Structures are given as C-alpha cells and as structure tokens.
Amino acid sequence: MNPDELDNFLSLRSYINGFSYSYADLALFNKIKEGFPDNCRNKRNISRWFGHIKVLSTNNKPKLSTCLISSKSDDTDMSLDQLILNKLADCKEIDSLHFASERNLDHQKVVGAIKSLVALPGNYVEVNQQQTSNWDLTDEGKLFMCNGSYEYILYNSIPKDGILQKELMKIANAKIGFSKAMTLGWIKIDKSHENGPTVFRKAENVSDVVKDLLTAIQDKKSVSDKQIQDLKKRKLISPIISKFYLVSKGQGFKTTIEKPEADLTFEMLQDNSWKEKTFKEYNFSAKGSPIASGYLHPLMKVKSEFRRIFLDMGFSEMPTSRFVENGFWNFDALFQPQQHPARDAHDTFFISDPEMTCSTQFPEDYLTRVKETHEEGGYGSTGYNYDWKISEAQKNILRTHTTAVSAKMLYLLAQEKEFKPAKMFSVDRVFRNETLDATHLAEFHQIEGVVADKNLTLGHLIGVLSAFFKKLGLEKLKFKPAYNPYTEPSMEIFSYHPGLKKWVEIGNSGMFRPEMLLPMGIPKDVNVIAWGLSLERPTMIKYGINNIRELIGPKVNLNMIYENPICRLHKM
Amino acid sequence: MPTITVDQKTLFERLGRSYSQEEFEDECFDFGIELDDVVVENEETKYKIDIPANRYDLLCVEGLSRALNVFRSKVKVPGFIVNESIEKMVIDESVQNVRPYCVAAVLRNFKFTEENYNSFILLQDKLHQNIGRERSLVSIGTHDLDTIKGPFTYKALPPKSIKFQPLNQDSVMDAPEMFDKFRQTYLKPYLQIIESAPLYPVITDSNGIVLSLPPIINGDHSKITLNTKNIFIEVTAKDHKKARIVLDTICAMFSEYCSDKFSCESVEIETKEGNFVTPKMEIRTEICSAKEMCLKSGITDLTPDQVADLLSRMYLPSTCDGDKVSVNIGPTRHDVLHQCDIEEDIAIAYGYNNISKEIPGIYTIGTEQEINKLSNSVREELAQAGFTEVLTFSLCSKDDISSSLRIPKAVENAVHIANPKTFEFQVVRTQLLPGILKTVSSNRKMPLPLKLFEVNDIVIKSKDEDTGCKNFRNICVLYCGKTSGFEVVHGVLDKLMVALNEKNYSIRQSSDPMFFSGRGADVLLADKSIGHMGILHPEVLANFDITLPCSVLELNLEHFV
C-alpha cells in the first residue's frame, strides 16, 4: 500500500482493522518503525496512527479475535493447558520435561498447567510422576569444557625439548595435571638431567578424554559407569534429580477444556446444558453472603414474647399509653403515704408544665375515701395518721410504675354493677429519677400481671407465678418475704440460675392491700394478686449484655441489633 | 431498702451459735432479710444486711438479733416497762410553723460500752435516713442527762439569738455562723430543712443551756460519752406518729442496757392542747379469726394454737381462745396497720415455700390493646421492608426537639420535667426523630445506607387527658446514605398505606423548616395532616453531627386504629 492510500485509509479509521488495536496494527507498525519513511512522516493520518500505536505497543497486547496476521495458528496465543491437550491428542504420552524444552518453556509452568488439568473434574488426563537422576557439570567441569582438562593443558605446555619440572609446576593446577598426565603415560620425567629434573612429552598425540566425556554428559549421551565414577571422584560432575510428569489421556479425555461452572444459571436450564456441564465444588467451610435485611430490636422481641405468654394465659392488655400520671393514681390510690421516699424528687420525675391535674378530674367520693384511709384508716386499718394533702395527689409526674394504670383498671372494675374476675397485664415504660449505672436507666420497661377474683390466696399467686415463669423456662423458684407499700403479703421471686450457680431475684409480687382495694369499692371477699419484673433484666441475661446502654438508647451499636437470635424465652 | 452493717462475731454471739455463710443466708431468706455482702475490715468480718423499709426495729444489731432469736423460738418477746416521769418538756407554740412536734424519754442507769455506743449512734443515723427522710420529718437528739437540768423547753427563736457551742466545735457561735460553717460539712443537706424559716427550733434546759438545734446539731455541753449514765432522748418532728415510732424504737432497742433491763422512764410533754407522756411503748391487741387469717395465705393445715405460735415467733406474742387469736402488737411492730400484715407474718413463719400452689379457676379470654397490636404489625412490615428497629429514650433535651430541628416553637407543646438531673431529661419527646438521629450519629462506621425505624410513644400537651398530657403512638422511618433516599422513604409511605389498607392519603409540599427547601411535605389523610416526610435540612444534620443526607418519614399511627 502506498503512503497516500494508507493515509487516506487511515483518515476515516483509528485502526487498520476493525475498531480495536490488533496484530494488523502491530505488524504494520513493526514494518515501518525502523526508518519511518519520510514520505510517511508528512502524512497526517499515518503520523497520528503511528503515534497512537507506538503508545499502545509498549504495554498492550493486541486483541486476538480481530488479528489478521494470526491466521496461522500460533502456539503462544493458546493457553498452556490447551496446548498440552492438543499435543496429547496426537500422541500417546507427553513427557513434561521434553515438552518444556521443545517449546523453550519454563518446566515449572508446564507442571502448573498439567496440575490444573488434573484438577479438572472429568478425568481429562492421567499423570505419572517420574524422577530422573542426571549428571550436571560442576563449575570445575564447566571450566574443563572451555579450557580443557588440567592434564591436557599441562601436556600442551611442554615444549618438544622438555621443560624443567620447576618451571612446569608454575602453571595453574599443575599438580593434578602432572599426576594425571603421568598416569595416562602422556609425559615422562628425567630426574638426572643436567639442569635438574626435566619433563618431556612421552606420547606424540593425545586427545582430551575428560573433556570429551564431559561433552558427552552435557549432550546427554551415554557414558560408562566407571567413567562417571571417575568424573564424580574428580568432582567434575554432580548428580541432579529432576521430577517430571508423564501425561497420558484420561478416561474423559477431550481437547476442549470445559471450565467447571460455579453456579447453576437460567441459561443452563433453558438450553439443558446443565446436563453436560461440570460444576465446581462448593466451599462449605466458607461463610455465606451477608444478607441485606431488616431487624427487630432484641428488647422488643422479648417484649413480644412476654405479651404472647400473657395472652396465652388468658390475660388482657391494659391501656398503658400514658407516661404522665399524677401522684393520686401513681401513689395515693395504692395507699403509698405522701411522705414515702419514693415520692421524693430524688426518685421521681415531677412535671413542671403542665404541673398539676385539676382536682375535679378525680372521682370525688373515691378521693375522699382514699384521703380518710391514709389519715385515719378504716376498713380494719389504723391508717398512717398524717395530714393527707390533695396538692400532693394533684402533682403530675412521669409514672414510676405501670401499677398506676392497674390501680385505675381495678377502680373501673369496682364500678361495674356486678364483680367480674379479671386477669390483666401490661408491658410498658416507667421512669425513675435514679442515679444511672450499668444496670439502671432513667426509663425502663415494667412487665406487670394482675389477677382479681374472689378468695384468691397466696397459694394462687405462687401457682400463677410458677405457670408464668415455667413459660420462660424457669422452673426452680423460691419466694422471699419482702416489703412493698401497697402489697401485703409481699414476695420477692428468686430463680435458680444454673449458669451463675446461684439464686437470682427475678421479680416482685404480692397481694394488694385492703386499704388500696376497699376504698375503690372492690368487694371484701375479692383479693387481687399481682407481680412485676423489668423487661431489661431478662433481656440482658438472655442476650449476654452487661451494660444497659448497649441495649437501649442512641449509643447502641447497630451490630447488636443486626446479630442476635430469635427470642425463645423458654430456651433461656 | 436500708442496709445495716453488723459485726459477724457480735451477731453470732447474740444468736448463741455460729453459722456458715450459706446457713445464715438461708435463715435470712426465710425471715425476709437479705445478706447483701460480706466484708472483712481489720480482720473483723462485717455482714451487710438488707432490711425491709418498714422494719425500723431491725436497724441495729440489738433489734435484729432479738427478732431472729424470737423467730428461732430461742427467747420470748420482752415486756417493756415505762417508769413514771420525772423530767418534763414544754413545747412552745412558736415551733408550730417550723417543726411542731417533740417527744422525749429517759434511759436510766445505762451502761455504755464502745460497741453499744457505736450501735447507738448508728441506729440514730439509720432512723434519720429512713423514717426521718434525711431528718426532714424526724430527728433525734441524745444527751447526758446529768449535765443538764429540766424542765426543758422546745421553742423557735430568731437565728441570731441562738448561741451555743455545737457538738465537736471549739467555740460558741450563733445559728447563722453555724450554718456558714456547716455548709462545708456532711451537715450541708440538712441545713435547707429550716434555713428559710424566720425562727429556728431549739431545745434548752432550765438554765438556758442549748441541748440541740434540730434537725441540725446538738450542743457540745450535753454530749454523750462512754461514761454517760443517764440518757435524755428528744425527738423532734413534722409528723407526730413518726416521732413516736422513732422514740419507741430507740427505747425498745437500747433499754436492754439499763440496769433495770427493758425499762425506760417517760417524760411529760406539755403543750397548749394538754399534757401527755412519752414514750408510750403501747401494746395494741387485735382479736382475729385464725381461720380467716389463714384463708388469704391458702394455708389449710393450721390449728389456732399453731397460728398463735407462728405469730409469737414473728414478734407478735399471741394467744388463742378457740378460733379467736389475740395478737399483741408491741412498740417494735408499728408496721402492723391491718390484719393483712398479721396474715403475712403467719405465712412468713409458716414458710412461703411450704405453701401449696394453686391455679385460679377463672376462665378469661386474653385481649390486646388495638394500638399495640397494630404497632406490632407495622413493626413487622417495616422490618420485612429491610428497615432496622431502634429503641431510643422518651426523655431528651429541649434543644433536641426544637432548635436542633429548626423548630424553636416545638418546646411549647412539650411536657417539661421539673427536676431533671441532666439536660438529657428536660422534656418528653414530641417526635421520635431526635432519638433516631442520635443513633445515626453514633453509628458512623456502619455500612451504608442506614435504614432505621422506631414505633413508640411521644407525649404532647393535651386538654383531653386529666393530666393535660397525652401519649401518641408514632412511626418514624429514616434513610441515611450517600444520596438522600427520599424516594425510598416515599416508597415506605406507599407500602405502609397499602399495609394499612388506606387509599385516601395524599402528600402536600410544605415549608417545614426541618426539611431541605422544596423537599418537605405533609402527609394527609382526607385533608388532615397525620405526619410529615422530607429530606432533612443540612443544618439539622449538622446539629446532630451527621455528615450524610437523610430522609425521614414520621407518622401518627393513632389514626389507623
């Protein structure tokens, strides 16, 4: 192609062939790079193409598919394992060493390719590992190859009329050369010569046998054992052990390599190719992929579980969506005296706005009965004998327990025309203005259960608690006398913790005092049993969390929420 | 629950036997006290024991060991003798407005040892802390009677005119000087009890010597020493009943060290309304049916005799006549207000763990609160949509709900806490958003995007409720990533509306300052706003220390119940 045509050709194209860099570009580039013809240099399009290919040729290999000059099959572009298979198709057996040297390849690479063929499922090839011991020239041996053996050098250094032994021995390695040459009968010595001991040639013509032998070894020609032993003794050769492989066709031999599939795909199902494909082994010891998912909070999971337990037992949920209470329902209705430390600002959050509940909001006659019971007693009680103030009852607070709601529910129950037994529960937030530490927050969740019926006894309370905690997987319970201002008798509930090997307090319980129930109008023969526990404590035990701040609040690490088991309380 | 520290050796000596720790724990458990901790100090083993808050008689080793010995049937409840008054206390009307009540007693021929002296001081401390509510309701002064001379006067005087040498101080000073001095000491918390009163209460003897300035400090003049023989005890209070309980308790506990064991001497109290003597050391007798009392415990196998025995072990000496049990409630058992307290003692003495279990025979059907049922379904929906539930606090700072969200007026609707210990507890949240934003802020290293939600209560002022405050159940959904993800949050709204079977909703662009301009909207249900959504304003993000864009949706769930 003349330069004008080429320039014209390239005016519309970036490459000689197609849309990418190919051997066609490279071939032309190589052809014209030596002495870039002057008539090309002023061709704008050729120059542009030339500069472009120059950059590409330094670090890019041309694309094969569009290669024009690769029409004759070229080994170097084929993968090594494919080459081996192709070769094996034509012969019975391949010797890896041979194969490597024939193609001037690194033997290790050939071995690698063979191993990958072996690893392919489907038994492509059979492999037989072999070992040859060969002889290699030592450095000294190599020196012999260049310069000849010491004895040969020594022989050639002797002039026709001899040389003084003294002089002769000045050549390098003369000592070895001398004794060898003597043994071979190449030289003789005249010790009685007038000038002193003199060495003469004895043989007329010698050939360097050692060098010839070494040459034969290097050329891998056979050499007799004795000769080998001699050379070995002279440290001119050393043994080399080389491992190589004899590769032959396996049962499933074919020349097309099918890479095993990593996965079953839609296409394979479509074209039924899954039947012929081989599949990579799955790594069962690795982790699966992380799953993008939503998660529920562990405390809420435990909460749901507790609700389910109550519902299973036929309890009805109380309306506890009411964080702000007044002193009346939170304390006074429960017969908790107004000077009780729990009503102190150290323990309870008071509300500054809106500060009070209007006094008309309380049921008037009930309020009077509550006041009288606190002040003077009644209903069989001595009362607390103090001045009960409505202003304390009116104070708005953040409820310190959900029992405030239970009290209101019991009051409503008492207003029904005819008493109906009731089983009620709640799980909701309560607030304490306490000092915060690893297990205490200003707000936490209280779980509460209440049963009201005629003639309930402490035995019933123990029975209900046993049934309830059995559902949590806690069967070993014991009860300790305790004091609560609004229950009598009161019992703390302990459970044996097999992990900690001790009894752990798990809740509080009791029977509501008559001073609380009778002013409400609950019939005298009705007893009310109740118990409570925190939601956080069992959750922390269940999920092994030591600091409550790692469970609730904005400082919680989301990983804690992402990584936790489903909640099966009875499997604690 | 008060905790007292007692010397193990002394306790075991008094109990007449020694215990392994486990044995002692078991005995405590059955009795209703708890061995909280065991500490070894200077080679002496000390037990820290938790005492129920209503048992003031167990707050010293004397009372505790006596009650345990009675419980173990080792000794009987002692009978207390009150001798006739010699001393008199005159209560002046002037104390009416500051600390109106005073009662007193005398313990004669008392023998102090170093050990009982310490116990005597410790009991006063415990009584001050518990029933005395840090001295605000009741405070105790004890004096060497031989250094003072009755009759005594309890009156209120102008602070400047009260001059005496306070206990363990080396000079005479007036009340304001004392207050200045005590402000640096452990007495500081008590000063505010009377500080704002125009007149301070003071007890003086007939020579004008100041015994005490209740509830702050005693005079040095009359202080108790190990050589004190006769003790004068005065108890001043804002609550008469509590004053009597405290005085009874001290006399009941420490009269055992008088030469005439378990006897004390009364003091005549003179008031404008009339005179009376204290301590009463009264025994109240209740006559109750044994059968009725056992009914509540569910104990069926006790005879009235056995009931009386069990009660006697609980420091309530009792006898029976047929089914009628006479229960004597002495001065150490002021906690007994009602028959139910006696019934509890029967159950304790019988052993809670010996009572047989029963299941109430009631047929009931469990029901859920509709709002909670709905919340749980919505929570499931959101988690299934790939969002993660967080749980944040109901309390937060004023800024969190207002200025940080660029809506300063929001504090007006909020419920405010009067006594927060930190800024974090100033108000109840009016939105769920601040808590979620704080969660985002402290989870910066998590892979993006963060998709969070919370379904929980907020509280807003409302005339609908008696307290003027009403809870609302809200849903808050947040997306935080490299891009705002507004369309994701919008998608969540659409999904929720499908889940709630609500077709009649619409979105109207708003100018809510919380949101990035043009990217905020109200969510309407038939023209009524039920929430909002939008891309948060960059200043809001900065206020919560968030560097990535966030989109949020917050809805009130109550409309869907």
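Residues numbered from 1 in each chain as written. Chains lettered and ligands numbered in written order. Predicted model: local features only at pLDDT ≥ 70, side-chain atom pairs only at ≥ 80, totals over all residues. Heavy atoms only, no water.

> Got a sec to walk through the nonpolar core? Specific residues and values, please.
All names here are of chain B. Within the largest apolar cluster, 153 residues are counted, with the highest numbers of intra-cluster contacts made by F24 and I49. If we ignore the near neighbours within four places in the chain, the residues touching F24 are L11, F12, L15, Y19, L35, Y47, I49 and L68. If you look at the next biggest cluster of nonpolar residues, it comprises 36 residues, including L145, I162, V210 and L211. (Core = buried A, V, L, I, M, F, W, Y, C linked by side-chain atoms within 4.5 Å. Buried < 20%, exposed > 50% of the residue type's maximum accessible area, 1.4 Å probe, protein only. Contact = heavy atoms within 4.5 Å.)

> With reference to specific residues and values, describe the sheet that holds strand β4 (residues 187-190) of chain A.
All names here are of chain A. Strand order in this open sheet of three strands is β3-β5-β4, and the pairing throughout is antiparallel. Looking at which strands have only one partner, the edges of the open sheet turn out to be β3 (163-164) and β4. Of the strand pairs in this sheet, β4 and strand β5 (residues 198-201) are connected by four bridges, and their pairing is antiparallel. Directly across from I189, in β5, lies its bridge partner V199. Set on the sheet, helix α11 (residues 174-184) makes contact with β4 and β5; between it and β4 the angle comes to about 105°. (Pairing = 2+ DSSP bridges. Helix = DSSP H or I, 4+ residues; strand = E, 2+ residues; numbered from the N terminus. Axes fitted to C-alpha atoms, helices over the stretch in contact; angles between N-to-C directions.)

> An account of the interface of chain A and chain B is requested, with residue identities and associated values reported.
Taken together, the contacts link 106 residues of chain A with 93 residues of chain B. Both sides together, the interface formed by chain A and chain B hides about 8,000 Å², and carbon and sulfur atoms give 57% of it. Counting across the interface, chain A meets chain B through nine salt bridges. In this structure, A:R322 and B:E465 form a salt bridge, with 3.0 Å as the shortest nitrogen-oxygen distance. Taken together, the links from chain A to chain B amount to 50 residue pairs in polar contact (both at pLDDT 80 or more). (Buried area = accessible area lost by both parts, 1.4 Å probe. Salt bridge = Lys/Arg side-chain N within 4 Å of Asp/Glu carboxyl O. Polar contact = N/O pair within 3.5 Å; in protein donor to acceptor, adjacent residues only side chain to side chain.)

> Please give an account of the side chain of B:R72 that cites residues and values.
Along the chain, B:R72 falls in the loop between α3 (61-71) and β4 (81-91). Looking at B:R72, its side chain comes within polar contact range of the side chain of B:N69, at 2.8 Å.

> Please give an account of the confidence of the model for chain A that cites residues and values.
Mean pLDDT for chain A: 86, with 95% of residues reaching 70 or above. Mean pLDDT values over the elements of chain A span from 69, in helix α3 (residues 38-41) of chain A, up to 98, in strand β7 (residues 316-317) of chain A. (pLDDT = per-residue confidence, 0-100.)

> Can you tell me about helix α8 (residues 139-147) of chain A, naming the residues and giving the values?
Think of an α-helix as turning once every 3.6 residues; residues three or four places apart then point the same way. Residue and element names in this part refer to chain A. Turning to α8, its buried residues number three or more, namely G141, F144 and M145. The buried residues of α8 all sit within an arc of 100° when viewed along its axis, so they share a single face. Among the exposed residues of α8, those pointing more than 90 degrees away from its buried face are D139 and C146. For α8, the elements touching its buried residues are β2 (125-137), α9 (150-157) and α12 (209-218). (Arc of directions from axis to C-beta.)

> Can you tell me about the side chain of B:D522, naming the residues and giving the values?
Positionally, B:D522 belongs in strand β26 (residues 515-525). Every residue in contact with B:D522, bar those within four places of it in the chain, is listed here: B:S506, B:I507, B:R508, B:S510, B:S529, B:G531 and B:H532.

> Tell me about a nonpolar patch on the surface, and please be specific about residues and values.
A grouping of A:L264, A:L269, A:W274 and A:F279 is seen on the molecular surface, where their side chains present a nonpolar patch of about 380 Å² in accessible area. Tracing the backbone shows A:L264 in the loop between β6 (237-249) and α14 (266-271). (Patch = residues over 30% accessible without salt bridge, like charges linked within 9 Å, V, L, I, M, F, W, Y side chains within 5 Å. Areas by Shrake-Rupley, 256 points an atom, 1.4 Å probe, with all protein chains shown as cover.)

> Lay out the packing of helix α9 (residues 304-313) of chain B against helix α10 (residues 339-350) of chain B with the relevant residues and their values.
All names here are of chain B. Interhelical geometry of α9 versus α10 gives an angle of 90° and a closest axis separation of 8 Å. The orientation of α9 with respect to α10, classified from their angle, is roughly perpendicular. Mapping the contact onto sequence places V307, L310, L311 and R313 in α9 and I342, D345, I346, A349 and Y350 in α10. (Parallel < 35°, antiparallel > 145°, perpendicular 65-115°, else oblique.)

> Tell me what's going on with unusual backbone geometry, and back it up with residues and numbers.
A negative phi angle is the norm for most residues apart from glycine, just as the trans form is the norm for most peptide bonds. Following A:E488, the chain continues to A:P489 via a peptide bond in cis, the omega torsion being -5°. Inspection of the secondary structure puts A:P489 in strand β14 (residues 487-497). In the segment running from B:P214 into B:P215, the intervening peptide bond is cis, with an omega of 0°. Looking at the secondary structure, you find B:P215 in the loop between β11 (210-213) and β12 (217-218). The phi torsion at A:Y379 lies on the positive side, around 55°, for a residue other than glycine. Here A:Y379 shows up in the loop between α17 (364-376) and α18 (390-394). Here B:N168, not a glycine, exhibits a phi torsion of approximately 60°, which is positive.

> Please set out the packing of helix α15 (residues 298-312) of chain A against helix α22 (residues 536-543) of chain A residue by residue, giving values where relevant.
All names here are of chain A. At a minimum axis distance of 10 Å, the contact between α15 and α22 shows a crossing angle of 115°. In the packing of α15 onto α22, the handedness of the crossing is right-handed. Touching P298, L299, K301, V302 and F306 of α15 are E536, P538, T539 and Y543, all from α22. Across the contact of α15 with α22, the residue classes tally to six nonpolar, one polar and two charged. (Left-handed = near helix turned anticlockwise from the far one by under 90°. Nonpolar A, V, L, I, M, F, W, Y, C, P; charged D, E, K, R; others polar.)

> Report on helix α14 (residues 486-499) of chain B, specifying residues and quantitative values.
All names here are of chain B. Taking 1.5 Å of rise per residue, the 14 residues of α14 would be expected to cover 20 Å, and the 20 Å separating its terminal C-alpha atoms lies within 8% of that figure. Considered for burial, the residues of α14 that qualify are F486, V489, V492, L493, L496 and M497. All buried residues of α14 fall inside an arc of 135° around its axis, so they share one side. Turned more than 90 degrees away from the buried face of α14 sit E487 and V498, all of them exposed. Residues of α14 that are buried sit in contact with α11 (370-384), β24 (469-480), β25 (505-509), β26, β27 (528-536) and β28 (550-556). (Expected span 1.5 Å × (residues − 1).)

> An account of the pattern of salt bridges is requested, with residue identities and associated values reported.
Proximity of charged atoms lets side chains of opposite charge pair with each other. Taken as a whole and judged by the stated rule, the model has 56 salt bridges over all chains. Here A:R322 and A:E325 are joined by a salt bridge, their closest N and O atoms 2.6 Å apart. A salt bridge links B:R133 to A:D344; its shortest N-O distance comes to 2.4 Å. Pair noted here: B:R133 is in the loop between α4 (114-129) and β6 (138-144) and A:D344 is in the loop between α16 (327-330) and β9 (351-353), and the two residues belong to different chains. Residue A:D344 is classed as partly exposed on the basis of its relative accessible area, which comes to 22%. A single network of salt bridges, built from pairs that share partners, joins A:R322, A:E325, A:K408, B:E465 and B:D466.

> Tell me about the sheet that holds strand β3 (residues 44-50) of chain B, and please be specific about residues and values.
Residues and elements named next belong to chain B. In spatial order, the strands read β1-β3-β2; together these three strands make up an open sheet with antiparallel pairing. Pairing within the sheet leaves two strands with one partner each, and these edge strands are β1 (3-7) and β2 (34-41). Across the sheet, the axes of successive neighbouring strands diverge by a mean angle of 25°, strand direction being ignored. Inspection of the sheet shows β1 paired to β3 by five bridges, in the antiparallel sense. The partner of T3 across the bridge, within β3, is D50.

> Describe a negative patch on the surface, and please don't skip the residues or the numbers.
A contiguous patch of negative charge on the surface is contributed by A:E258, A:E267, A:D271 and A:E276. Considering the arrangement of structural elements, one finds A:E276 in the loop between α14 and α15. (Lys, Arg positive; Asp, Glu negative; His and termini not counted. Charge placed at Lys NZ, Arg CZ, Asp CG, Glu CD.)

> Describe the pairing of strand β7 (residues 152-157) of chain B, with residues and values.
Residues and elements named next belong to chain B. With burial as the criterion, only one face of β7 is covered, namely that bearing F152, Y154 and A156; the residues T153, K155 and L157 on the opposite face remain uncovered. Across three bridges, β4 lies against β7 in parallel orientation. Its bridge partner being in β7, I91 is matched across the sheet by Y154. With five bridges joining them, β7 and strand β10 (residues 200-204) adopt antiparallel strand pairing. By the bridge assignment for β10, L157 is matched with Y200.

> Provide a residue-level description of the pairing of β26(B), including the pertinent values.
Residue and element names in this part refer to chain B. The pairing of β25 with β26 spans five bridges and is antiparallel. For R508, the partnering residue across the bridge sits in β26 and is D522. For β26 and β27, the ladder comprises seven bridges, and the chain directions are antiparallel. The residue of β27 that forms the bridge with F515 is L536. Hairpin connection of β26 to β27: two residues between the antiparallel strands, including A526 at a positive phi of 45°.

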